[in-house]
Amino acid sequence: MKIRLQKVIADAGLASRREAERWIAEGRVKVNGNVVTKPGTCVDPLSDEVRARGKLVPRAQERVFILLNKPADYLTTMGADERGRKTVMDLIKVPARVFPVGRLDYNTQGALLMTSDGALAKKLLDPKYRVPRTYLVKVRGIPDDKTLRRLSRGVALDNQSTAPLGVEVDRVSGKNCFLKMKMFEGKNRHVKRICEAVRHEVIRLKRTHFGNLNLNGLPLGAYRFLSPREIKSLELMVSKEPVEKKTVRRRPVIKSKRTQTKR
Ligand code: URA
């Protein structure tokens, strides 16, 4: 996007817009090596080289956000795999250093957000902001209502209870079924391990949404840039410090007389 030359100089903190306009009029500003004096000249702040009074105006750092529809059999990693497997970095070609926000397992497919904005990525992954991730999970067997309730309350993993989540049967497929799960935290192999904990092995796993982002119209292996509106919606999700829930103090259990042991 092209913007006015005086704004580029002012946004870089080198001068006020008015001052920058004066420099332009005085012939003290160059764009790609050429003096520019025409009022209202527009430049591309990402690609044009602007010098004001001989000084290079730092290029705007545009944050990059992309949504990748990750296929199975791709590793979510920035570096090369020692076993030579394909990685998500093989699928994207963007003029910025982006990295994945969290990870999807090698055999999981679906919505993987990637960005150059480390601070926002960190917040999006912080369970306290409760950014939802939605999964379509094909499991062996068909969980009954009691099992679904157990899953929705959060299942203990590594001796720690996991956060409550939304879960429902999306459709039955022969002896197996697809579950729709909406979760607000992402532990390692989270979905697989909670399903294993209730004895329903995961056969296939796909993340359909990350926050409000969905994969509509995005073929497997393809990616798209987020719109400013989508970026705003991600920022909004983590803009407020969530209110700490009051810890509910449990009443001390008082043993009934009958069960009290005599000393
Ligand atoms: N949960 C898993 O078990 N695997 C994933 O890739 C994502 C969530």
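Residues numbered from 1 in each chain as written. Predicted model: local features only at pLDDT ≥ 70, side-chain atom pairs only at ≥ 80, totals over all residues. Heavy atoms only, no water.

## Things to note about the overall build of the protein chain
Of regular secondary structure, the protein chain possesses 6 helices and 17 strands. Here the C-alpha radius of gyration of the protein chain, 26 Å, is well above what a compact globule of 263 residues would show, namely 18 Å. By its C-alpha atoms, the protein chain is 95 × 50 × 35 Å across when sized along the principal axes. In the protein chain, buried positions account for 40% of the 263 residues. Sequence separation of 24 or more characterises 62% of the internal contacts of the protein chain that already satisfy a separation of 6 or more. Working note: accessible area of the protein chain is about 17,000 Å², and carbon and sulfur atoms make up 49% of it. Side chains of the protein chain carry 58 positive and 27 negative charges; the gap between the two charge centres is 8 Å. (Helix = DSSP H or I, 4+ residues; strand = E, 2+ residues; numbered from the N terminus. Rg over C-alpha atoms; globule rule 2.2 N^0.38 Å. Buried < 20%, exposed > 50% of the residue type's maximum accessible area, 1.4 Å probe, protein only. Contact = heavy atoms within 4.5 Å. Areas by Shrake-Rupley, 256 points an atom, 1.4 Å probe, with all protein chains shown as cover. Lys, Arg positive; Asp, Glu negative; His and termini not counted. Charge placed at Lys NZ, Arg CZ, Asp CG, Glu CD.)

## Brief notes about the site of the ligand
The local shell around the ligand consists of Leu 104, Asp 105, Thr 108, Tyr 135, Arg 189, His 190, Val 191, Lys 192 and Leu 205. One nitrogen or oxygen atom from the side chain of Thr 108 is found 2.9 Å from an oxygen atom belonging to the ligand. Arg 189 is positioned with one of its backbone polar atoms (N or O) 3.3 Å from an oxygen atom of the ligand. When the free accessible area of the ligand is taken as 240 Å², the share hidden by the protein chains comes to 96%. With 3 residues, helix α5 (residues 190-197) is the single largest residue contributor to the shell around the ligand. Here the residues of the shell around the ligand sort into 4 nonpolar, 2 polar and 3 charged. Both domains that meet at the shell around the ligand, namely domain 2 (65-127 + 213-237) and domain 3 (132-210), each give it at least three residues. (Near = heavy atom within 4 Å. Polar contact = N/O pair within 3.5 Å; in protein donor to acceptor, adjacent residues only side chain to side chain. Nonpolar A, V, L, I, M, F, W, Y, C, P; charged D, E, K, R; others polar. Domains from an automatic or database assignment.)

## Let's talk about the nonpolar core
By size, the foremost hydrophobic cluster in this structure holds 31 residues, and its most contacted members are Val 137, Leu 179, Met 181 and Val 191. Considering every element that reaches this core, the biggest residue donor is strand β14 (residues 176-183), with 4 residues. By size, the runner-up hydrophobic cluster in this structure holds 18 residues, among which are Phe 65, Ala 121, Leu 215 and Leu 218. (Core = buried A, V, L, I, M, F, W, Y, C linked by side-chain atoms within 4.5 Å.)

## Details of the pairing of strand β13 (residues 166-173)
The side chains of a regular strand alternate between the sheet's two faces. As paired strands, β13 and β14 are joined by 7 bridges and run antiparallel to one another. What sits directly across from Val 169, in β14, is Leu 179. Counting the residues between successive antiparallel strands, the hairpin from β13 to β14 contains 2 residues, one of them, Gly 174, with a positive phi of roughly 65°. (Pairing = 2+ DSSP bridges.)

## Overview of a positive patch on the surface
A contiguous patch of positive charge on the surface is contributed by Lys 146, Arg 149, Arg 150, Arg 153 and Arg 199. Note on placement: Lys 146 falls in helix α4 (residues 145-153). Since its relative accessible area comes to 62%, Lys 146 is described here as exposed. (Patch = residues over 30% accessible without salt bridge, like charges linked within 9 Å, V, L, I, M, F, W, Y side chains within 5 Å. Salt bridge = Lys/Arg side-chain N within 4 Å of Asp/Glu carboxyl O.)

## Some points on helix α3 (residues 118-125)
Three or more residues of α3 are buried, namely Leu 120, Ala 121 and Leu 124. Down the axis of α3, the smallest arc covering the buried residues is 100°, so these residues share one side. Among the exposed residues of α3, those pointing more than 90 degrees away from its buried face are Ala 119 and Lys 122. Those residues of α3 that are buried lie in contact with β7 (65-70), β8 (99-100), β9 (109-115), β10 (133-139), β15 (202-210) and α6 (228-237). Its side-chain oxygen 3.2 Å from the backbone nitrogen of Ala 119, Asp 117 forms the N-cap of α3. (Arc of directions from axis to C-beta.)

## Quick look at the domain arrangement of the protein chain
Partitioning the protein chain into structural domains gives domain 1 (3-56), domain 2 (65-127 + 213-237) and domain 3 (132-210). Placing a centre on the C-alpha atoms of domain 1 and another on those of domain 3 gives a separation of 55 Å.

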